[in-house]
Amino acid sequence: MSGINYSEKIPNNVNLVNDRTLQRALEHWQPKFLDWWKGMGPTDFQGSDVYLRTATSVDADGWATYGSVKMPDYRWGIFLADQQPERKIGFGDQMGEPAWQQVPGEYRSTLRRLIVTQGDTEPASVEQQRLLGHTCPSLYDLRNLFQINVEEGRHLWAMVYLLHAYFGRDGREEAEELLARHSGDADKPRILTTFNEPISDWLSLYCFTYFTDRDGKYQLKSLAESAFDPLSRTCRFMLTEEAHHMFVGETGIGRVVKRTLEVMKEIGSEEPAKVRAAGAVDLPTLQKYLNFWCSSSLDLFGNEISSNSAANFANGLKGRPDEGQYEDHVLRSSVFKMNTPSGTEEVPMLNALNEVMRDSYLKDCEIGLKRWNRQIERAGFSARLTLPATNFRRSIGAWMGLPVGPDGKLIAKEEYEKRLHEWIPSPEDRAFVHSLQKRVAEPGKMAGWIAPPERGINNLPVDYEYVKLH
Ligand SMILES: [Fe+2]
Ligand SMILES: [Fe+2]
């Protein structure tokens, strides 16, 4: 079951060869995907040889092989984690019953919506990042960007497989639409706002992969709990790939901090203007980028109080991330203490699940912050990086549009507007970060605003030629 069949047009471990209709439908979609990749994927690097990993089995160990590949030749395919024999539903009102191998009619449209919303983010992020290759800080980073891009392309394949295999004609239409919407398009934008924000500098890429890919991790974890077994298995395998995306974010920000600290020591000053003049990202600017991407990603969890997420949980469609860590899996009798603009409110737990998920997400976000702050402390500086309060700059839910500072306090609207660019990047901050974005493409060389990584990919040295540009 784990073995992947690479001899077919579409690599897969779902026995596609035994379902001719489905195989034909997907082979019909494949050239459209490739057209999308060539038109909307990374610009100008389609002929470069990139050192990429490709999934060769879905086992926890040994699922990837590495080698030099031109991106359009990447073997995108359909890989599901192995089926757990006699898997049971792990939460909600049907807990303990057998997991579903088909879509129950009454949940069809809700499940389709969940899959389409997840699927839409995958190509969206590739589109957001398509110009970044031109300003890579090193070949190592360029390779990581492309690795993420091809894997997000594969995640699209994963969702398209589910749509084609389980949702009939509606599913096939949705699969077409996933290639028709585009990030930032005025007429046909991507579904979620964060995925329409352009990513035009590498600091934003590291923040995006740290905060927004981590939202993806939490969404995938909650869908991996789903009673709909094919969705669960699909998401379980996607999570193994997702880990690398967050690694790029965490180590990327860590390397920016490291370089900034080196510069601060060299010039004997923490003053932002002097740090900038020496060609590094000053810590206050980094803090603004963290505030921007963290608050933007928090919106992706939806309304604090949600009857949809209550129904999705009760019906077994979407659980909590790591459902196994909780004791109560039905949640008909517990309450959640929610921080709202009118004070603390007690909300039925089932209706507060978006907030529960947001809380566990934020705990996960703290880990990197602690690591970066240790770096700063060890270098002998007193500055500290923080996460903004969860009610800062929200565009959805109870705090939507309210003037709240990153410390979580409600303030006067005029003060908020006046001070907003102390908290998120101003046009000048963005212009400065952009001024640092110059392509460095010699093996082993790094841009001056970022430290080299501690090690290379797959035990290769840092100065390996990870992308041969031609
Ligand atoms: Fe993904
Ligand atoms: Fe990702």
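Whatever comes next refers back to the structure up there.
Residues numbered from 1 in each chain as written. Chains lettered and ligands numbered in written order. Predicted model: local features only at pLDDT ≥ 70, side-chain atom pairs only at ≥ 80, totals over all residues. Heavy atoms only, no water.

Chemist: Could you clarify how one ought to interpret the coordination of the iron ion (ligand 2) in this entry?
Modeler: Perfect tetrahedral coordination of a metal by four donors corresponds to 109.5 degrees between them, and perfect octahedral coordination by six donors corresponds to 90 or 180 degrees. Coordination of the iron ion (ligand 2) by the protein comes from Glu 152 (OE), Asp 213 (OD), Glu 242 (OE) and His 245 (ND1), over a distance range of 1.7 to 2.2 Å. Around the iron ion (ligand 2), the four donor atoms sit at angles spanning 91 to 165 degrees, and that spread fits a shape best called irregular. Mapped onto the polypeptide sequence, the residues donating to the iron ion (ligand 2) form the spacing pattern E-x60-D-x28-E-x2-H. On the basis of relative accessibility, which here comes to 2%, the residue Glu 152 falls in the buried class. (Donors = N, O, S within 2.8 Å, 3.2 Å for Na, K, Ca; no water. Tetrahedral: all angles 85-135°; square planar, octahedral: opposite > 155°, others 65-115°. Buried < 20%, exposed > 50% of the residue type's maximum accessible area, 1.4 Å probe, protein only.)

Chemist: Please clarify how the pairing of strand 4 (residues 343–348) should be interpreted in this entry.
Modeler: Pairing between strand 3 (residues 335–340) and strand 4: six bridges, direction antiparallel. Bridge assignment links Asn 339 to a residue of strand 4, and that residue is Thr 344. Connecting strand 3 to the next strand, strand 4, in antiparallel fashion are two residues. (Pairing = 2+ DSSP bridges. Helix = DSSP H or I, 4+ residues; strand = E, 2+ residues; numbered from the N terminus.)

Chemist: Quick question: what am I supposed to make of the layout of surface pockets here?
Modeler: Think of a ball as big as a water molecule: rolled over the atoms, this probe shows where empty space is left. As a volume, the largest pocket reaches approximately 1,200 Å³. Forming the walls of the largest pocket are 48 residues, and the residues nearest its centre are Thr 117, Leu 192, Leu 300, Phe 301 and Gly 302. Listed by contribution, the elements that provide at least two residues to the lining of the largest pocket are helix 2 (108–128), helix 5 (202–224), helix 8 (283–298), helix 9 (307–314) and helix 10 (353–378). Across the lining of the largest pocket, the residue classes tally to 15 nonpolar, 22 polar and 11 charged. Quantified by volume, the second largest pocket comes out at close to 420 Å³. As for the second largest pocket, its lining consists of 15 residues, and the residues nearest its centre are Thr 251, Gly 254, Arg 255, Gln 375 and Glu 454. Of all elements in the fold, only helix 6 (229–267) and helix 10 reach the threshold of two or more residues within the lining of the second largest pocket. In terms of residue count, the dominant contributor to the lining of the second largest pocket is helix 6 (seven residues). (1 Å grid on protein atoms, 1.4 Å probe; cavity = no way out; pocket = protein on both sides within 12 Å on 5 of 7 lines; lining within 4 Å. Points joined across faces, edges and corners; volume = space filled by probe spheres on them. Nonpolar A, V, L, I, M, F, W, Y, C, P; charged D, E, K, R; others polar.)

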